[in-house]
Amino acid sequence: GENVEQHPSTLSVQEGDSAVIKCTYSDSASNYFPWYKQELGKGPQLIIDIRSNVGEKKDQRIAVTLNKTAKHFSLHITETQPEDSAVYFCAASRGYSTLTFGKGTMLLVSP
Amino acid sequence: GAVVSQHPSWVICKSGTSVKIECRSLDFQATTMFWYRQFPKQSLMLMATSNEGSKATYEQGVEKDKFLINHASLTLSTLTVTSAHPEDSSFYICSARDPARGLAGGSYNEQFFGPGTRLTVL
């Protein structure tokens, strides 16, 4: 089955800096890669996703890149703000199969 | 759009009792819903996939007789934790897939999560 590795487990940045979280996956047939943000005590919220036919997708301060050859994808957050502090999860799936999640990255943005 | 609710948001119960958690898709019809549990500082662990009108598919190691799932309508799935014990204490989260979004050009695999239910078994 699919295996998703996520790094780093924690990331501390200063407000205004950029943050990058990286994930690798094992199943070359995976074609859907979402990123979720989870605040303490809440459910995960989809913030951006990318399909395998696209190499990059951007939504304001958030971008995701996908390298199918290397089987890795990354989340990029620019101009970080304290409200970006949360746990971020990457995930991967093939077709209509279930999502396989990474272990999560706790992002701390200091004012 | 694509809002998923859960009820209750938290529940405390005595060991041996049963607890029911509801998951509703508020503005779309969800043919498929998923139930996850999450321990502190850990990732989401898929428990089962719930399809409307059919039996749930449980992940390996999840006891189907202990975690009863019912998906009787396109907007409601329920998870009942039977004979709960302290080790069942966890954060239970449901998600729903909106097939219409795939037809509209969105990603079929999008899952929209509920806010979660914190279960504490004394």
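Quick caveat: nothing in here was measured; it's all calculated off a predicted structure.

Visitor: Just to check I follow, could you spell out the state of the cysteines for this structure?
Guide: Think of a disulfide as a covalent bridge from one cysteine sulfur atom to another cysteine sulfur atom. Counted under the stated rule, the structure contains 2 disulfides over all chains. Note on cysteine connectivity: A:Cys23 is disulfide-linked to A:Cys90, with sulfurs 1.9 Å apart. In this structure the cystine formed by A:Cys23 and A:Cys90 twists about its S-S bond by roughly -100°; its chirality is therefore left-handed. Highlighted residues: A:Cys23 in strand E3 (residues 19–25) and A:Cys90 in strand E9 (residues 86–92), separated in sequence by 67 residues. Here A:Cys23 matches A:Cys90 in class, with each residue buried. Linked covalently through their sulfurs, B:Cys23 and B:Cys94 form a disulfide whose S-S length is 2.0 Å. Because the torsion about its S-S bond is 80°, the bridge between B:Cys23 and B:Cys94 counts as right-handed. Of this pair, B:Cys23 sits in strand E3 (residues 19–25) while B:Cys94 is found in strand E9 (residues 90–97), placing the two residues 71 residues apart along the sequence. Under the relative-accessibility criterion, B:Cys23 is labelled buried at 0%. The exposure class of B:Cys94 is buried, given its relative accessible area of 0%.

Visitor: Can you walk me through the nonpolar core in this structure?
Guide: Among soluble globular proteins, nonpolar side chains are generally buried collectively. Grouped together as the largest cluster of nonpolar side chains are 26 residues, with contacts concentrated most on B:Val4, B:Phe28, B:Trp35, B:Phe67, B:Leu79, B:Tyr92 and B:Leu119. With residues near it in sequence (within four places) discarded, B:Leu79 still touches B:Val19, B:Lys20, B:Ile21, B:Trp35, B:Phe67, B:Leu68, B:Ile69 and B:Tyr92. With 24 residues, the next largest nonpolar core counts A:Leu11, A:Ile21, A:Cys23 and A:Tyr88 among its residues.

Visitor: Teacher, can you tell me more about the packing of aromatic side chains here?
Guide: The relation between two aromatic rings is expressed through the spacing of the ring centres and the mutual angle of the planes. Here the structure, examined in full by the defined rule, presents 12 aromatic pairs over all chains. Between A:Phe33 and A:Phe73, the aromatic rings sit 4.9 Å apart at their centres with planes inclined by 50°, giving tilted as the arrangement. Taken together, the residues span a long stretch of sequence, with A:Phe33 in strand E4 (residues 32–38) and A:Phe73 in strand E8 (residues 72–77) at a distance of 40 residues. Classification of A:Phe33 by relative accessible area gives buried; the value is 0%. The buried category is assigned to A:Phe73, whose relative accessible area is 0%. Ring geometry for B:Tyr36 and B:Phe113: centres 5.4 Å apart, planes at 45°, overall tilted.

Visitor: Would you take a moment to explain the pattern of salt bridges for this structure?
Guide: Charged atoms that come close allow side chains of opposite charge to pair. Overall, the coordinates contain 7 salt bridges over all chains when judged by the stated rule. Its salt-bridge partner being A:Arg94, residue A:Asp27 comes within 3.5 Å of it at the nearest N-O pair. With A:Asp27 in the loop between E3 and E4 and A:Arg94 in the loop between E9 and strand E10 (100–101), the pair connects residues that are 67 residues apart, well separated along the chain. Given the relative accessible area of 47%, A:Arg94 is considered partly exposed. One salt bridge in this structure joins B:Glu22 and B:Arg24, with 3.4 Å as the shortest N-O distance. You can call B:Glu22 partly exposed: its relative accessible area is 23%. Because the salt bridges share partners, they merge into one network encompassing A:Lys37, A:Glu39 and A:Lys42.

Visitor: Looking at this structure, I do not really get the side chain of A:Asp84. What am I missing?
Guide: All names here are of chain A. Tracing the backbone shows Asp84 in the loop between E8 and E9. Taking the relative accessible area as the measure of exposure, Asp84 reaches 7% and is therefore buried. Within the structure, the side chain of Asp84 is placed 2.9 Å from the side chain of Arg61, a separation counted as a polar contact. Once you skip the residues sitting within four places of it in the chain, Asp84 turns out to touch Lys37, Arg61, Ile77, Glu79, Leu107 and Val109.

Conventions we followed
Residues numbered from 1 in each chain as written. Chains lettered and ligands numbered in written order. Predicted model: local features only at pLDDT ≥ 70, side-chain atom pairs only at ≥ 80, totals over all residues. Heavy atoms only, no water. Disulfide = S-S within 2.5 Å. Helix = DSSP H or I, 4+ residues; strand = E, 2+ residues; numbered from the N terminus. Buried < 20%, exposed > 50% of the residue type's maximum accessible area, 1.4 Å probe, protein only. Core = buried A, V, L, I, M, F, W, Y, C linked by side-chain atoms within 4.5 Å. Contact = heavy atoms within 4.5 Å. Phe/Tyr/Trp six-rings, centres within 6.5 Å; stacked < 30°, edge-to-face > 60°. Salt bridge = Lys/Arg side-chain N within 4 Å of Asp/Glu carboxyl O. Polar contact = N/O pair within 3.5 Å; in protein donor to acceptor, adjacent residues only side chain to side chain.

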